[in-house]
Amino acid sequence: MDDITYKITLRPTTVDDLNSLFEFQLDQEASHLAAFTSQDSENKEAYLAKYTRLLNNPTVNNQTIIIGNEIAGSVAKFMMEGDAEITYWINKDFWGKGVATKALKDFLIIEKTRPIFGRVAFDNFGSQKVLEKCGFVKIGTDRGFANARQAEIEEFIYRLDS
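Residues numbered from 1 in each chain as written. Predicted model: local features only at pLDDT ≥ 70, side-chain atom pairs only at ≥ 80, totals over all residues. Heavy atoms only, no water.

Draft legend 1. Here's a closer look at unusual backbone geometry. Cis geometry marks the peptide bond from R114 to P115, where omega comes out at -5°. Structurally, P115 is set in the loop between α4 (99–110) and β5 (116–121). The phi angle at A35 is positive, at roughly 70°, despite the residue not being glycine. The topology assignment puts A35 in the loop between α2 (28–34) and α3 (44–55). The phi angle at Q150 is positive, at roughly 50°, despite the residue not being glycine. Turning to its location among the elements, Q150 is positioned in the loop between β6 (137–146) and β7 (151–160). Take Q150: its relative accessible area is 58%, and that puts it in the exposed class. (Helix = DSSP H or I, 4+ residues; strand = E, 2+ residues; numbered from the N terminus. Buried < 20%, exposed > 50% of the residue type's maximum accessible area, 1.4 Å probe, protein only.)

Draft legend 2. Representation of the packing of α4 against helix α5 (residues 125–133) in the model. Packing of α4 against α5 leaves a shortest axis separation of 9 Å and a crossing angle of 35°. The two elements α4 and α5 meet at a crossing, and its hand is right-handed. Between α4 and α5, the residues in contact are A100, T101, L104 and K105 and V130, L131 and K133, respectively. Grouping the amino acids of the contact of α4 with α5 by side-chain chemistry returns four nonpolar, one polar and two charged. (Axes fitted to C-alpha atoms, helices over the stretch in contact; angles between N-to-C directions. Left-handed = near helix turned anticlockwise from the far one by under 90°. Contact = heavy atoms within 4.5 Å. Nonpolar A, V, L, I, M, F, W, Y, C, P; charged D, E, K, R; others polar.)

Draft legend 3. Structural detail: the nonpolar core. Grouped together as the largest cluster of nonpolar side chains are 26 residues, with contacts concentrated most on I65, V75, I86, L104, L131 and F136. The dominant element in this core, judged by the number of residues it contributes, is α4, at six residues. Discounting chain neighbours no more than four positions away, the residues touching L104 are V75, I86, Y88, V130, L131, C134 and F136. L21, F22, A30 and W89 belong to the second-largest nonpolar core, a separate cluster that totals nine residues. (Core = buried A, V, L, I, M, F, W, Y, C linked by side-chain atoms within 4.5 Å.)

Draft legend 4. Representation of α3 in the model. For α3, built from 12 residues, the straight-helix expectation of 16 Å at 1.5 Å per residue is met to within 8% by its first-to-last C-alpha distance of 16 Å. You can read the cap of α3 off the contacts: a side-chain oxygen lies 3.1 Å from the backbone nitrogen of E45, and it is on N43. (Expected span 1.5 Å × (residues − 1). Polar contact = N/O pair within 3.5 Å; in protein donor to acceptor, adjacent residues only side chain to side chain.)

Draft legend 5. Layout of α5. Considered for burial, the residues of α5 that qualify are S127, Q128, V130 and L131. Within α5, the buried residues cover an arc of 160° as seen down the axis, which keeps them to one side. The outward face of α5, more than 90 degrees from its buried face, is lined by the exposed residues F125 and K129. Lining the buried residues of α5 we find β4 (83–90), α4, β5 and β7. (Arc of directions from axis to C-beta.)

Draft legend 6. Molecular detail of the packing of aromatic side chains. One pass over the structure, following the stated rule, counts two aromatic pairs. For the ring pair Y47 and Y51, a centre distance of 4.5 Å and an interplane angle of 35° mean the geometry is tilted. Within this pair, Y47 and its partner Y51 are both found in helix α3, separated by four residues, close to a single helical turn. We classify Y47 as buried; its relative accessible area is 11%. With a relative accessible area of 25%, Y51 lands in the partly exposed category. One aromatic cluster in this structure is built from F22, Y47 and Y51. The ring of W95 is capped by K92, whose NZ or CZ atom sits 5.9 Å from the centre of that ring. Across the ring face of F156, the terminal group of K138 is positioned such that the distance to the ring centre comes to 3.6 Å. (Phe/Tyr/Trp six-rings, centres within 6.5 Å; stacked < 30°, edge-to-face > 60°. Lys NZ or Arg CZ within 6 Å of the ring centre and 35° of its normal.)

What follows is the structure, encoded as structure tokens:
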């Protein structure tokens, strides 16, 4: 669905947002699709410590996705091995409603770093569509250990230049 019926707002992520964002990533289906999760993704203390630290990192741009007064997810830019990478996580209640696409498009207006890369599990078709609708182009593949699946899987690498 391309018609957005939600008013989506992005704002800088705060420590107060982290409890909700932690709960979203506990969903087993979402975690499976994301695939490349942290080793201790169910450890709330570790999650809060890591993301509290990242909120103060000037190379990271963390934004919380708000619909109405509700936290719907997050989108962020971070640096990995010298490259800018994008990541997002949407509350499952909002899947298939264009929220990820609209939020990422809005985020890319705020975040000017280019090129910027996105990586997605080979079978995460929804996320692949989000990246493509936002102008990302598939440029290659890689293999890596996916903690959420406890297996090595293929991931697609996308790039946005402008």
